[in-house]
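Letter by letter, the chains look like this.
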Amino acid sequence: MYLYLSENPRSLYLVTNQQDERQGRPRRALVFRAAEGKSSQAVVEFLPKDEVNLSNATKVTNRIVKGCLGLISVSGGEHLRSMHHDPDIHRIDPSDIFLAVIVSATEIGNIRPSGPQPESVSKIHEVAFYSLTSSAWDDLIVANEAMPGHAFPDQPESMYREPYSQPNASAPSLLEHPCAPLAKIISAGTFYYAQEPQWDLSSRLSQRLERDDAAAKDVGTYDDRFVWNEFIIRSLLDFRDRLDPEERSDLDRCQFIILAIQGYVGVFTLPLPAPPTNGSPTVATLSLISRLGSKRAGTRFNTRGVDDDGNCANFVETETIFSTDSHWFSYVQVRGSVPLFWEQQGLQTFGQKIQITRPQASQPAFERHFAQLSEEYGHVHAVNLLGTKENEAILTNAYERSLRNAPDLFAGNVLFTNFDFHNQIKMQGHDAMFQVFRRIESVVDSMDKAGFTMADASSCETITQQKGVFRTNCLDCLDRTNFIQDIISRVMLEQYLTLIRREWLHSGTLWSYHRELWAENGDALSRIYAGTGALNTSFTRSGKRTLAGVLSDATKSVSRAYINNFQDKAKQVAIDMFLGNLSTQEQVTIFDPIHDIVNDAMSRRLGEYSTTQPCTVFAGTWNLNGRPPSSESLLPWLFPRNTVPDPDIIVLGFQEIVPLTAQQIVQTDPEKRRVWESKITSTLARRPDPKAEYILLRSHQASTLVGTALLVFVKKELTAVIRNVEAASHKTGLRGMSGNKGAVGIRLDYYDTSFCFLTAHLAAGHSNVEERNTDYRTIANGLHFLRGKTIDSHQNVVWLADTNYRIDLDGEHVRYLAQTDDFDALLAADQLKKAIDDKGAFSEYTEGPLLFRPTYKYDLGTDNYDSSEKARIPAWTDRILYKGDALDLSVYSRAELKGSDHRPVFALFRANVRIIDYALRTALSRVLFENVTSTAPGEKLDEKLASLTFLGGGDSDLPPPSSEDAAWWDISDHPKGIVPPERFADLSVQSGPYNPFDSPIDSPLSSSPSSSEEELYQALTLQAPIAPEPAQSSASATRRPPPPPPSRSTKPRLHKPEVSS
């Protein structure tokens, strides 16, 4: 097929060519153009080739296009404007839509030649991205060369792509196309796709054999764990589903839509001795397919452990397939990171620094992971290859502990074997590993219990089914894991050959190819995750350990350290963009008025498929002045109100948790944080009459930020519903060069509501207001979590910080006003209040009333403000600010603890978290879709859609908003908003056009009331109103004044905050 471009309107045409048509593909074209007025929406048409006018179109590349990977929206225009000052650049769209197509690929081979249809695999070598929205990129060449250190031996020296241009196209000079990072990843030689549309490369052989003919040939049937372009191809798959069956079949036969996996595919064909009946050799095909999971994807030090949904980093399903004319053999193994919450922070060299980030909250995710494996594969045998060194031993102990804590879930369905690979190599050598490992009794039992998949080639019927899987891990799940998986694969293939043709066990060619496939597999997976080829592959290939192999492994280790520390962060961003993990990303949709109508209605009917649950959040901040815990009880701070229920979440921010000395700034000491963690944990556990048990969900003290730490505790029963917990930090001290000032953030999702908590230490000095404002902006713009999440991308944000803002009055005056509790006078001179009013900092945030004395600076252990020679002016340096519709402040005060020169501050929030019923949402969406698309006899769907008036038209009858001069209710017909009772008799229910979103009375969904319906029900059950009194005479009657206008604060207040002095 070829790709053409035309202007006015700008359109791209993917058109079958003569070669496609000679192979039996329909004469068709897939047409793309950007939708008007919507930045991330495209219009797509599937047309007969004869109906497409290409007379004014230009072929954008002379190379044959293999297929389309999807549509992606990239913010390229803003990047271009930031680098140029050309006045014409303003017309470039902030978000450009790009079509990704494969322009170079090679066939790997047919993994099952004796199957009912070919199952050929191609490797992608080059992709190109063409803009639907702008001609600014037309003359730019996308440099698809691999990233330094990530080159592949089979990758072409030069990635060539012809430039294409249009008349009057403005193409500013720019070093890099906005999609160049994506092109580098996809063109690196690790992506594969099925050449024929009737088979699914993402699914293992046993899955494909179980499907009926229709599902087996359906492009939309795939394993979404392993399809890497699912995010960018989703809109085209939805478009395909909306076509009628004949057009859908034509679209599939044209193979415009490509589903790609990442990993490794290798195929070898070899002759084997024939049975004595005819003497001709048997041609066999040995294949190895590794499918890298996309659910928790990333690079070595950026993606570790498990996420809250049970998805592991570097999760790979590897399938060995052996095919002959009579039988097919398949054996599947998996690998994946240790399924706990752990990471490696800072500069990593050869001594890996491991931190288990949520030691007490890993169990729900751990159990989800193994439950998913058991459901997918059956019996699971986990083989842990970690050693006994300190860091690896920490992971092993935590791994075993989590398994012991889940006996009821697994009930013997999950086995665990520790096999210290490095220790065994040291004692036995590489040569002995094959015999040593296969003599482990539990491993042999699992091999016999799980078996393998075997099918008859003539009837396609399954003879035996694999009933379990080995899950192997080391630290990176690369070198040691690949070595052991190679052994397991060989043992299972030997078992199969023993059953069908024992003499094939002695084929040197077969086992040579088997070793080569596993060596190539190890190299490919290692390049993806770590940037270099795998270690130990010289032995895997040859069966011998040589000096050249040892030197090669040493070189790879050094290269890994450099690549992982200095190059992988940019690669991680590109991976997240490709997978749609960036929080600022918009998925490209294809114009479809029906789905747009349904989606709009779904957003307005949120209350029908979701509920809310109340929760309480405690937030506290304390500058510790480098002091360790004293004998002073923390209860007055952590539980300040006996009448308030125990909070669901406790968030504590500390500043100066260690003294800010030069030594601490150079090298952080986490021990002080651990001491405070222990003190707080003990206080929570030993408090009088505890109503709930708390666990430390996450704590963070960045290695680059010495004095600031953030701790989040939650009730133990909530760990299963709090997900996606992440930590991040950003330093501001010495213009970002030093870690003596900055912020630490922890974000989480409580059910379906997101929270972000931040503790910060801003610039010191009474007059350094602008520096503090700059620190705030630096943190607000620079602190990012994984997948591109920012502070502002959260629904609820709470800052608990030592802001260091002071009071602009002389010291004696401030002391007098504080002692007399004249807080209004102090607040009038407060630097933070002025900064908020001037929009210099925290302008979007709310703070509770400051009705307590300044918290800084005290003589240690006393109630006296600073009496030293410096006599620092008292100030409210310690503050809690927040924003978010779910947060309602109920208490804002300070605690009288004297273990530091600051007093701790706390706030209690009431909040409502949303719980979405996804099954109900799907059902409601289906009902709405059916209501929209159903037509009465004689009614046309187009006319019905055009008659719907509820899409944005409902706001036209609303009055204009109130202003300082006029209120919307104060009009000439009804002065001061007063409506005589007799006017209500004139009001009648308006009858409008049929609304397809009104649920029928007998609909099962109508039993799920909205929040307004619940309020109405409660109102109807109240006591009957008192009978009205006779009307007063006009002389004595007095009218009540109209209600005051709504508060102009950021949100309505449901409760008056409790404050104390």
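No experiment lies behind these values; they were computed from the predicted model shown.

Looking now at the overall build of the protein chain. Along its length, the protein chain carries 30 helices and 34 strands. Put simply, the protein chain has 1061 residues, and 53% of those count as buried. Taking the contacts inside the protein chain whose residues are at least 6 apart along the sequence as the reference set, 73% of them involve residues at least 24 apart. For the protein chain, the accessible surface area stands at approximately 47900 Å², while carbon and sulfur atoms represent 51% of it.

With that out of the way, let us pick up the side chain of His 902. Considering the arrangement of structural elements, one finds His 902 in the loop between strand S32 (887-894) and strand S33 (905-916). Owing to a relative accessible area of 3%, His 902 belongs among the buried residues under this scheme.

A few words now on the packing of helix H14 (residues 479-500) against helix H15 (residues 508-530). The N-to-C vectors of H14 and H15 enclose an angle of 150°; their axes lie 10 Å apart at closest approach. As the angle between them shows, H14 and H15 are arranged roughly antiparallel. Here H14 and H15 pass one another in a crossing that is right-handed. Residues Asp 479, Asn 482, Gln 485, Asp 486, Ser 489, Arg 490, Leu 493, Glu 494 and Leu 497 of H14 lie in contact with H15, whose contacting residues are Leu 510, Trp 511, His 514, Arg 515, Trp 518, Asn 521, Gly 522 and Ser 526. For the contact of H14 with H15, the residue count by class is 5 nonpolar, 7 polar and 5 charged.

On to the pattern of salt bridges. One pass over the structure, following the stated rule, counts 60 salt bridges. A salt bridge links Arg 27 to Glu 21; the shortest N-O distance between them is 3.3 Å. For Arg 879, the salt bridge goes to Glu 847, with nearest N and O atoms at 2.7 Å. Separated by 32 residues along the polypeptide, Arg 879 in strand S31 (residues 878-883) and Glu 847 in strand S30 (residues 846-847) bring together distant segments of the chain. Bridged by salt links that share partners, the residues Arg 204, Asp 223, Arg 225, Arg 291, Glu 317, Glu 319 and Glu 376 form one connected network.

Okay, the packing of aromatic side chains next. A ring pair, where both rings are aromatic, is described by two values, the distance of the centres and the angle of the planes. Tallied over the entire structure, the rule returns 31 aromatic pairs. One aromatic cluster is present, built from ring pairs that chain together Phe 322, Phe 329, Phe 452, Tyr 496 and Trp 504. Here the guanidinium or amino end of Arg 112 rests over the ring plane of Trp 328, the centre of that ring lying 4.2 Å away.

Moving on to the side chain of Arg 903. Looking at the element boundaries, Arg 903 is found in the loop between S32 and S33. Within the structure, the side chain of Arg 903 is placed 3.0 Å from the side chain of Asp 863, a separation counted as a polar contact. When neighbours within four sequence positions are excluded, Arg 903 is seen to be in contact with Trp 622, Thr 855, Tyr 858, Thr 862, Asp 863, Asp 878, Arg 894, Ala 895, Glu 896, Leu 897 and Lys 898.

Moving on: the confidence of the model for the protein chain. In this model, the protein chain carries a mean pLDDT of 82, and residues with pLDDT of at least 70 account for 77%. Note that pLDDT drops below 50 for residues 77-93; the model gives that stretch 25 contacts with residues more than four away or on any other chain.

Right, let's get into the sheet that holds strand S4 (residues 41-48). Spatially, S5-S1-S2-S3-S4-S21 is the arrangement adopted by the 6 strands of the open sheet, whose pairing is mixed. Whereas interior strands pair on both sides, the edge strands pair on one side only; in this sheet they are strand S5 (58-59) and strand S21 (589-590).

Taken N-terminus to C-terminus, the directions of helix H19 (residues 593-604) and helix H28 (residues 918-933) make an angle of 135°; their axes are 10 Å apart at the nearest point. By the angle between their directions, the pair H19 and H28 is classed as oblique. Crossing handedness for the pair H19 and H28: right-handed. Of the residues in H28, those touching H19 at Ile 594, His 595, Ile 597, Val 598, Ala 601 and Met 602 are Arg 921, Leu 924, Ser 925, Leu 928, Phe 929, Val 932 and Thr 933. Residues that form the contact of H19 with H28 fall into these classes: 9 nonpolar, 3 polar and 1 charged.

Attention shifts here to unusual backbone geometry. Here the residue pair Asn 8 and Pro 9 is connected by a cis peptide bond, since its omega of -5° sits within 30 degrees of zero. Mapped onto the secondary structure, Pro 9 falls in the loop between strand S1 (2-6) and strand S2 (11-15). At the junction of Tyr 856 and Lys 857, the peptide bond is cis and its omega measures out at -5° in the coordinates. Unlike most non-glycine residues, Asn 8 shows phi in positive territory, near 55°. Mapped onto the elements of the fold, Asn 8 is located in the loop between S1 and S2.

Turning to the nonpolar core, a few remarks are in order. What tends to happen in soluble globular proteins is that the nonpolar side chains get buried as a cluster. Judged by nonpolar contacts, the single largest core of 52 residues is most densely connected at Phe 322, Phe 419, Phe 437, Ile 484 and Leu 497. Structurally, this core is a two-domain feature, drawing no fewer than three residues from each of domain 1 (1-78 + 93-147 + 176-257 + 563-591) and domain 2 (259-545). Excluding its chain neighbours within four sequence positions, the residues that come into contact with Ile 484 are Leu 385, Phe 419, Phe 421, Phe 437 and Thr 472. With 46 residues, the next largest nonpolar core counts Ile 807, Leu 817, Phe 823 and Leu 850 among its residues.

With 15 residues, helix H9 (residues 390-404) should cover 21 Å at 1.5 Å per step; its first-to-last C-alpha distance of 21 Å lies within 8% of that length. All of the buried residues in H9 are Glu 392, Leu 395, Thr 396, Ala 398, Tyr 399, Ser 402 and Leu 403. Buried residues along H9 cover an arc of 165° about the axis, so they all sit on one side. What points out from H9, more than 90 degrees from its buried face, is the exposed set Glu 390 and Arg 404.

What follows is about helix H25 (residues 811-819). Along H25, the positions that sit buried rather than exposed are Gly 811, Val 814, Arg 815, Leu 817 and Ala 818. Mapping the buried residues of H25 onto a view down its axis gives an arc of 165°, with all of them on the same face. The exposed set on the far side of H25, more than 90 degrees from its buried face, consists of Glu 812, Tyr 816 and Gln 819. If you check the start of H25, you find a side-chain oxygen 3.3 Å away from the backbone N of Glu 812, and it comes from Asp 810.

Once that is clear, we can look at the environment of Tyr 4. With respect to the helices and strands, Tyr 4 occurs in strand S1. By relative accessible area, which is 17% here, Tyr 4 ends up buried. Excluding residues within four positions of it along the chain, Tyr 4 makes contact with Ser 11, Leu 12, Tyr 13, Val 15, Leu 54, Ala 57, Thr 58, Lys 59 and Val 60.

This paragraph deals with the pairing of strand S7 (residues 96-110). Burial runs high along S7: 11 of the 15 residues are buried. Inspection of the sheet shows strand S6 (residues 67-74) paired to S7 by 7 bridges, in the antiparallel sense. From the neighbouring strand, Val 74 faces S7, where its bridge partner is Asp 96.

Strand direction decides the pairing type here: strand S22 (residues 610-623) and S33, joined by 12 bridges, are antiparallel. Paired with Pro 614 across the bridge in S33 is Asn 912. Relative to S33, S32 runs antiparallel, the two sharing 7 bridges. For Tyr 892, the partnering residue across the bridge sits in S33 and is Ala 907.

The subject of this paragraph is the environment of Ala 886. Secondary-structure assignment places Ala 886 in the loop between S31 and S32. Judged by relative accessible area, Ala 886 falls into the buried class, the value being 18%. Measuring from C-alpha to C-alpha, the distance between Ala 886 and Arg 914 comes to 9.2 Å, with 28 residues separating the pair along the chain. The contacts of Ala 886, once residues within four sequence positions are left out, are Asn 796, Arg 910, Ala 911 and Asn 912.

Reading guide: rules and limits
Residues numbered from 1 in each chain as written. Predicted model: local features only at pLDDT ≥ 70, side-chain atom pairs only at ≥ 80, totals over all residues. Heavy atoms only, no water. Helix = DSSP H or I, 4+ residues; strand = E, 2+ residues; numbered from the N terminus. Buried < 20%, exposed > 50% of the residue type's maximum accessible area, 1.4 Å probe, protein only. Contact = heavy atoms within 4.5 Å. Areas by Shrake-Rupley, 256 points an atom, 1.4 Å probe, with all protein chains shown as cover. Axes fitted to C-alpha atoms, helices over the stretch in contact; angles between N-to-C directions. Parallel < 35°, antiparallel > 145°, perpendicular 65-115°, else oblique. Left-handed = near helix turned anticlockwise from the far one by under 90°. Nonpolar A, V, L, I, M, F, W, Y, C, P; charged D, E, K, R; others polar. Salt bridge = Lys/Arg side-chain N within 4 Å of Asp/Glu carboxyl O. Phe/Tyr/Trp six-rings, centres within 6.5 Å; stacked < 30°, edge-to-face > 60°. Lys NZ or Arg CZ within 6 Å of the ring centre and 35° of its normal. Polar contact = N/O pair within 3.5 Å; in protein donor to acceptor, adjacent residues only side chain to side chain. pLDDT = per-residue confidence, 0-100. Pairing = 2+ DSSP bridges. Core = buried A, V, L, I, M, F, W, Y, C linked by side-chain atoms within 4.5 Å. Domains from an automatic or database assignment. Expected span 1.5 Å × (residues − 1). Arc of directions from axis to C-beta.

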